[in-house]
Amino acid sequence: MPTLDIAGDARRIIDVVKNGGIALVPQHTGYAMCGASMEPLRKIFDTKQRGGHKRNAMAADLETQRDMMTLGKREQEMVEAIVLDYDLPLGVIGPFRAGHPLLLKLGDDALKASSAGGTIGNLLNAGPLHRELTRLSREELVPLFGSSANISGTGSRFRLEDVQPELHQIADIKIDHGLCRYHMYGRSGTLINFQTMQVIRFGACYDLIADVLKRWFRVELPRDPGMAALPSGHVNEFALQNVA
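Cut-offs and rules
Residues numbered from 1 in each chain as written. Predicted model: local features only at pLDDT ≥ 70, side-chain atom pairs only at ≥ 80, totals over all residues. Heavy atoms only, no water. pLDDT = per-residue confidence, 0-100. Contact = heavy atoms within 4.5 Å. Buried < 20%, exposed > 50% of the residue type's maximum accessible area, 1.4 Å probe, protein only. Helix = DSSP H or I, 4+ residues; strand = E, 2+ residues; numbered from the N terminus. Pairing = 2+ DSSP bridges.

> Give a detailed account of the confidence of the model for the chain, specifying residues and quantitative values.
For the chain, per-residue confidence averages 93 on the pLDDT scale, and 93% of positions sit at 70 or higher. This stretch, residues 231–244, has a pLDDT under 50; its non-local contacts, to residues over four places away or in other chains, come to 63 contacts.

Structural data, given as structure tokens:
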């Protein structure tokens, strides 16, 4: 008998979010907050005390990412090697089609708060719940945007009980799947701008992702500086940084 109700949890989350609510959800790379329009996203932003240069990111499956982003053939092959062949979580930043149905549903103000320099961020392959949520998101046109479930500058949270009370208070639904798979990295997912091949955030599975790109595409990413090199107050967040 399964211990997790993935399909049921995803259904409950989507129903809350599509009605304007906020969800606090687990992913393999940490707990996150998400909403589907400007009002809940602003509430998350304000409660987290985020800096104005930060951007929301979108939970997506590979089918949505292919359709939404306009990456070159080689860059898309890199994304798919990491996500499909090696089954790794990845934050993809790239140029996008503003007319994509999910972005039209999101609205202009929320899109502005979730894009920078003509790029948008998609978080791919972050676990079974993420997979089911992003399928429902695509099929029912419910955009899932947000950021990590932590007060800015305090680091990612890998257990529901470690998320600050202020964020618990604004969540209309909370899902507890225990300790997140990639907690040992101490950071949210790796973010790479595939238009420029710039590493925006050194995060979970960065060592494995860098190895894939070097082995198969002869792309050598910079060495991970490690947690000790991060400045005081560094924000380990699920959200896309402003790369304009």
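We are not done yet, so read on.
> Describe the pairing of strand β6 (residues 119–124), with residues and values.
The buried count for β6 comes to 6 of 6 residues, which makes it a mostly enclosed element. Alignment of strand β3 (residues 57–59) against β6, held across 2 bridges, turns out to be parallel. In the strand pairing of β6, Ala-59 is matched with Leu-123. As paired elements, strand β4 (residues 90–95) and β6 share 6 bridges and run antiparallel to each other. Bridge assignment links Ile-93 to a residue of β6, and that residue is Gly-121. Bridge count between strand β5 (residues 115–116) and β6: 2 bridges; the pairing is antiparallel. If you follow Ser-115 over to β6, its bridge partner there is Ile-120. Linking β5 back to β6 in an antiparallel pair, the connection comprises 2 residues, with Gly-117 at a positive phi of about 60 degrees.

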